[in-house]
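Take a look at the letters that make up each chain.
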Amino acid sequence: TFLIIGFCMGTCSGMGVPVAQFFGAKDYSAMRKYIMNAAYLGIFIAAVLTVVTCLLCGPILTLMQTPADIYQGAYDYLFIIFLGIPFTILYNIVSAIIRAMGDSKTPFYFLVLSTVLNVVLDLAFIIIFQMGVAGAAWATILAQAISGILCFIYMKRKFDILTFTKQERKLQMSYIRRLTVMSVPMGLQFSITAIGSIMLQSAVNVLGSVYVSAYTTAVKVNQLAMCPFDAFATAASTFGSQNLGAKQFKRIRQGLFCSVFIAVIYGVAIGIVLVLAGSKIALLFVDASETVVLGYIQQMLNFSGIFFWLLAFLNCFRLTIQGLGYSVIAMFAGCSELAARGIMSVAVIPALGFAGVCITNPLAWLAANCVVIPVFFAVIRGLERKYTGGTISRTQ
């Protein structure tokens, strides 16, 4: 799921980068052209991804060596989630545009609405209508659809600046190319991370269903804990994009360092929670009677919790690099994370078993940090030399 949905999220975030840059530069006409062409590009990507992913659900699960006893449930869930890709792209493009114009609160409110709707619909579809795993998937895409549509209506009514002229509504390939160069590498960055996770999941699948259950649940708990890191990083990225447009390089550094500082504090705090109470949180997903599974979950969360603060540096530095327009460099920097997970999946986990699974993510985070941090400083120095006293062209 994250391989595809992560690509959608990253791509949509990338579309917000030039919007934020020209908003910061106060070139609102160019900003509106980017927004309109982002809509055209988003429609195309949504159509292609929905068709391709729905057709490939079976081969993907087979390639991952999904156990036979959970194959049908996994297939049903993936297929329905992929049907909802257009709504995922709608929400993420609109929220990226709203954040690019300085409003980070409203997308959060709509995300909260989506989450509450998701929970309510989960309970209705799974418990009342007995729809099982498919019900969980339908709940997710319906909540996403409602949130995305409402977010779009809000944007249209709130921002008077988004009044488009006939010229600004035109499809312009120079803007499409720029958006593609900015957005697709950001999407691929998410996919690179997901490919590493798929390799790791495949290695776990071979260990058996008990380990699959423990790993999958631990990943869910980790994802809950990781959400604020994404928020800190997105804020740093948008802040950096806006200040690049205004050529305020000192503020780019300040924004990044403040985000990292806040994220490190959060990382240490949530890490302590995972170590002390990770298995208790896992009871949201696993029955208390499954003591063996809960034991493995806590083992994995112990390692994650101790090293969670590494994500503060990784996410904030990586998304800031992308927000400054260097999506391709950030994507290749993420290959170190993929390489670490690949090596562990192929060479270490078969030998160490679940213990190898537990140490894989912290090692991948460390490997990625060793690349993205020096890359950021090289990028910001290059931008200062390039743009000091210069201007940002409309389509560069």
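For the structure, check the block above.
Because the structure is predicted, anything quoted here is derived from the model rather than measured. (Residues numbered from 1 in each chain as written. Predicted model: local features only at pLDDT ≥ 70, side-chain atom pairs only at ≥ 80, totals over all residues. Heavy atoms only, no water.)

## So, helix α3 (residues 68-83)
The terminal C-alpha atoms of α3, which comprises 16 residues, lie 23 Å apart, in line with the 22 Å expected from a rise of 1.5 Å per residue. Here α3 has its buried residues at L78, I80, I81 and F82. Next to the buried residues of α3 lie α1 (2-24), α2 (28-63), α4 (85-100) and α6 (132-158). (Helix = DSSP H or I, 4+ residues; strand = E, 2+ residues; numbered from the N terminus. Expected span 1.5 Å × (residues − 1). Buried < 20%, exposed > 50% of the residue type's maximum accessible area, 1.4 Å probe, protein only. Contact = heavy atoms within 4.5 Å.)

## Describing the environment of T193
Mapped onto the elements of the fold, T193 is located in helix α7 (residues 173-207). Sequence-wise, T193 and T320 are 127 residues apart; in three dimensions their C-alpha atoms are separated by 17 Å. Ignoring any residue separated from it by four or fewer positions in sequence, one finds T193 in contact with F2, R318, E337 and R341.

## Looking at a nonpolar patch on the surface
Residues L83, V119, L123, I126, I127, I128, F129, M131, W138 and L142 make up a contiguous nonpolar surface patch of about 910 Å² in total accessible area. Elements supplying a minimum of two residues to the nonpolar patch: α5 (105-128) and α6. The biggest single contributor to the nonpolar patch is α5, with five residues. Judged by relative accessible area, I128 falls into the exposed class, the value being 61%. (Patch = residues over 30% accessible without salt bridge, like charges linked within 9 Å, V, L, I, M, F, W, Y side chains within 5 Å. Areas by Shrake-Rupley, 256 points an atom, 1.4 Å probe, with all protein chains shown as cover. Salt bridge = Lys/Arg side-chain N within 4 Å of Asp/Glu carboxyl O.)

## A short note on the nonpolar core
Counting 51 residues, the largest nonpolar core has I297, F308, L324 and V357 as its most contacted members. Mapped by element, the contributors of at least two residues to this core are α7, α8 (209-245), α9 (249-281), α10 (291-306), α11 (310-323) and α14 (354-387). When near neighbours in sequence (up to four residues on either side) are disregarded, L324 contacts Q21, G240, S241, L244, I252, F376, V379, I380 and L383. (Core = buried A, V, L, I, M, F, W, Y, C linked by side-chain atoms within 4.5 Å.)

## A closer look at the packing of α8 against α14
With their axes 14 Å apart at the nearest point, α8 and α14 run at an angle of 10° to one another. One way to sum up the angle between α8 and α14 is to call them roughly parallel. Here Y211, A214, Y215, M226 and L244 of α8 lie close against α14, whose contacting residues are F354, V357, W365, L383 and Y387. Here the residues of the contact of α8 with α14 sort into 10 nonpolar, no polar and no charged. (Axes fitted to C-alpha atoms, helices over the stretch in contact; angles between N-to-C directions. Parallel < 35°, antiparallel > 145°, perpendicular 65-115°, else oblique. Nonpolar A, V, L, I, M, F, W, Y, C, P; charged D, E, K, R; others polar.)

## Let's talk about the side chain of K33
Structurally, K33 is set in helix α2. There is no salt bridge for the buried K33, and the closest opposite charge comes from E168, which lies 6.2 Å off by N-O distance. Ignoring anything within four residues of it in the chain, the contact list for K33 reads E168, Q172 and Y175. (Lys, Arg positive; Asp, Glu negative; His and termini not counted.)

## Topic: the packing of aromatic side chains
All chains considered together, the criterion is met by 20 aromatic pairs. Pairing Y75 with F79 gives two aromatic rings, centres 6.1 Å apart and planes at 15°, and the pair type is stacked. Taken together, the residues span about one helical turn, with Y75 and F79 both in helix α3 at a distance of four residues. A residue is classified by how much of its surface remains accessible, and Y75, at 26% relative accessible area, is partly exposed. (Phe/Tyr/Trp six-rings, centres within 6.5 Å; stacked < 30°, edge-to-face > 60°.)

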